[in-house]
Amino acid sequence: MSLDDLHIRSARPADVRAIGALVSPYANERILLAKEWVGYYEAVQEFVVAESAVDPDGRAQVIGCGALHVMWQDLAEIRTLAVDRSWRSRGVGHALLAALIDRARDLGLRRLFCLTFEVDFFAAHGFAVIEGTPVSPDVYAELLRSHDDGVAEFLDLAHVKPNTLGNTRMLLELD
């Protein structure tokens, strides 16, 4: 099957089980953070999925997912980018990331953050390694009020350090 048969679309609640199944092996290896089912359902509108017609009946199968989580007026995080292992290195992750970047542009965002082990992959899309937290002190103070672990990871807060060990913090400046 070629990427011409690949379709990227907004996720629906019916996709949550497939998203969880995609994330699970990566979470077991501590590459991605697992969520409770309720967390996936609450965030389903942030996700896009990649699907390809591969089963014998021609039904679409979810083979990848990714999420865009808005953190501030001009800033969002790319989260939970996962591709079925049998589809890796075939362009699915690139297509998902491109769709999330397009979504960010449509929302008028200027910067995208990610916390990743896949530095080369994100660097190929223009992300650069960052140190510190690239927001003003007043925005930093507002972000501290968030209960979201991803925001805490962006801020590099001590209580999320076990989640971030070995990860690289990266940022993409959009045009």
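Refer to the preceding data block for the structure.
On a predicted model such as this, the values are computed, not experimentally measured, just so you know.

> Summarise the overall build of the protein chain; cite the residues concerned and give the values.
Tallying secondary structure elements over the protein chain gives 7 helices and 7 strands in all. Long-range contacts, defined here as pairs at least 24 residues apart, represent 66% of the contacts in the protein chain between residues at least 6 apart. Working note: accessible area of the protein chain is about 9,200 Å², and carbon and sulfur atoms make up 51% of it.

> I'd love a proper account of the side chain of Asp15, names of residues and values included.
Topologically, Asp15 is positioned in the loop between strand E1 (6-10) and helix H1 (16-28). Residue class for Asp15 comes out buried when judged on its relative accessible area of 7%.

> Describe in detail the layout of surface pockets, supporting the description with residues and values.
The space that makes up the largest pocket amounts to roughly 1,100 Å³. Every residue lining the largest pocket is counted, 39 residues in all, and those nearest its centre are Ile31, Leu32, Thr80, Leu81 and Leu115. Sorting the residues of the lining of the largest pocket by element identifies H1, strand E4 (75-83), helix H3 (92-106), strand E5 (111-116), helix H4 (119-123), helix H6 (149-155) and helix H7 (161-164) as the ones contributing at least two each. Ranked by residue count, the leading element in the lining of the largest pocket is E4, at 7 residues. Within the lining of the largest pocket, the residues separate by chemical class into 19 nonpolar, 10 polar and 10 charged.

> Pulling in residues and values, what's your account of the nonpolar core?
Ranked by internal contacts, the top residues of the largest apolar core, which has 25 residues, are Leu68, Ile78, Val92, Leu97, Leu112, Phe122 and Phe127. For this core, the secondary structure elements donating two or more residues are strand E2 (47-53), strand E3 (60-72), E4, H3, E5, H4 and strand E7 (168-173). Per-element tally for this core: the top contributor is H3, with 6 residues. Beyond its immediate chain neighbours, meaning those up to four positions away, Phe127 contacts Ile78, Leu97, Ile101, Leu112, Phe113, Cys114, Phe122, Met170, Leu171 and Leu172. If you look at the next biggest cluster of nonpolar residues, it comprises 17 residues, including Leu32, Tyr40, Cys65 and Ala82.

> Go over H1, please, and point to the residues and values.
Residues three or four positions apart in an α-helix share a direction because the helix packs 3.6 residues into each turn. With 13 residues, H1 extends 18 Å from end C-alpha to end C-alpha; this agrees with the ideal 18 Å at 1.5 Å per step. Approximately 25 degrees is the largest bend angle found in H1, and it occurs at Leu22, with the proline Pro25 only one to four residues beyond. Among the residues of H1, Val16, Ile19, Gly20, Leu22, Val23, Tyr26 and Ala27 are the ones counted as buried. Trailing H1 by a residue or two, Arg30 shows a phi angle of about 65 degrees, which is positive.

Parameters and conventions
Residue numbers here run from 1 along each chain, matching the order of that chain's written sequence. Since the coordinates come from a predicted model, pLDDT governs what is reported: local features require at least 70, and pairs of side-chain atoms require 80 or more to be given and counted, while whole-chain, interface and lining totals use all residues. Computation of side-chain values: all heavy atoms of the structure, hydrogens and water removed. Secondary structure elements follow DSSP: runs of H or I of four or more residues count as helices, runs of E of two or more count as strands, with numbering from the N terminus. Here, two residues are considered to be in contact whenever any of their heavy atoms come within 4.5 Å of each other. Here, Shrake-Rupley sampling with a 1.4 Å probe gives the accessible areas, and only protein chains in the shown set may cover a residue. Classification of residues uses two cut-offs on accessible area relative to the type maximum, computed with a 1.4 Å probe and protein chains only: under 20% is buried, over 50% is exposed, and between them is partly exposed. Cavities and pockets are defined on a 1 Å grid built over the protein atoms alone: a cavity is a set of grid points where a 1.4 Å probe fits but cannot escape, while a pocket is an open set with protein on both sides within 12 Å along at least five of seven lines, and lining residues are those with an atom within 4 Å of any such point. Grid points are joined across faces, edges and corners, and a volume is the space filled by probe spheres set on the points. Here the term charged refers only to Asp, Glu, Lys and Arg, the term nonpolar to Ala, Val, Leu, Ile, Met, Phe, Trp, Tyr, Cys and Pro, and the term polar to all other amino acids, Gly among them. Here, nonpolar core means buried Ala, Val, Leu, Ile, Met, Phe, Trp, Tyr and Cys residues that are tied together by side-chain atoms lying within 4.5 Å of each other. Working rule for helices: expected span equals 1.5 Å times residues minus one. Throughout, bend refers to the angle between the axes fitted to the seven residues that end at a position and the seven residues that start at it.

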